[in-house]
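The lines below spell out each chain.
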Amino acid sequence: MRERYASGLSDTTAKQMIELLNANLANVIDLTLSGKQCHWNLQGAGFIGVHQLLDDTTARILEISDTIAERVVILGGEPNGLAARVAKDSVLEAYPTGITAVNDHVQALTKRYKMVAETLREAIQVAGEAGDEDTADLFTEASRIIDKDAWFIGANAKY
C-alpha cells in the first residue's frame, strides 16, 4: 500500500475502503461503456435527443470514476480500472448487442444505471459504518448523479 494521505483512518479501514472504492470503480466504468454502446447503436424515433443526452451522462460518469480513483490514491491504494478487472468484477450483466431501437436501449441502460446506483447506496452504508464519512459522502454524491441520469434516460422509455 502506498503512503496514506487521509488522516484519522486506520490501515484496516483504509484497505477496506480501497477495496470498496475499486469495486464501485469497476461498476462505474462498466456503466460508462454500456452508455457508449447504447450511444453508438441506437436508432429510430427520439434518436438525436437520447444520443445527445448520453454524451452528457457519459461525461458525468467519467467525472465520478475520476473522483473514485483519486480517493483510492488518497487512501494509499492503486485504482484498478483495467478492462480485465472491470469485466471480472462489475455487477452489471453484459450489455445486449444486436439491438438498435431507442426504446430497447433506453430500457437496458436505465436498468444498469439503477443497479449501479443501488450498489453505491450499499457502499454509502458500508463506508459510514467503517467511519469513513468522506468516502460515504463521495458515494452519496455519485448515487445522486446516477439516480438523476437514470431518470433522464428512463424518461425516454415507452413501457
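Use the structure listed above.
Residues numbered from 1 in each chain as written. Predicted model: local features only at pLDDT ≥ 70, side-chain atom pairs only at ≥ 80, totals over all residues. Heavy atoms only, no water.

A. Local environment of the packing of aromatic side chains. A full pass over the atoms with the stated rule returns one aromatic pair. Arranged with centres 5.2 Å apart and planes meeting at 35°, the rings of Trp 151 and Phe 152 form a pair that is tilted. (Phe/Tyr/Trp six-rings, centres within 6.5 Å; stacked < 30°, edge-to-face > 60°.)

B. Just helix α2 (residues 47-74), in detail. Taking 1.5 Å of rise per residue, 28 residues should cover 40 Å, and α2 covers 41 Å from first to last C-alpha, within 8% of that figure. Looking at α2, one finds that the buried residues are Val 50, Leu 53, Leu 54, Thr 57, Thr 58, Ile 61, Ile 64, Ser 65, Ile 68, Ala 69, Arg 71 and Val 72. As for α2, its buried residues are in contact with α1 (11-41), α4 (102-130) and α5 (133-154). At the C-terminal side of α2, Gly 76 shows a positive phi close to 95°. (Helix = DSSP H or I, 4+ residues; strand = E, 2+ residues; numbered from the N terminus. Expected span 1.5 Å × (residues − 1). Buried < 20%, exposed > 50% of the residue type's maximum accessible area, 1.4 Å probe, protein only. Contact = heavy atoms within 4.5 Å.)

C. Quick peek at the nonpolar core. Within the largest apolar cluster, 42 residues are counted, with the highest numbers of intra-cluster contacts made by Leu 21, Leu 31, Leu 109, Tyr 113, Phe 139 and Ile 146. Not counting residues within four places of it along the chain, the set of residues in contact with Leu 109 comprises Leu 31, Ser 34, Gly 35, Cys 38, Leu 54, Tyr 95 and Ile 153. (Core = buried A, V, L, I, M, F, W, Y, C linked by side-chain atoms within 4.5 Å.)

D. Geometry of the pattern of salt bridges. Enumeration according to the criterion identifies seven salt bridges in this entry. Taking the shortest distance from any N to any O, the salt bridge between Asp 149 and Arg 60 comes out at 2.8 Å. Note that Asp 149 is positioned in helix α5 and Arg 60 in helix α2, a separation of 89 residues in sequence. Since its relative accessible area comes to 29%, Arg 60 is described here as partly exposed. (Salt bridge = Lys/Arg side-chain N within 4 Å of Asp/Glu carboxyl O.)

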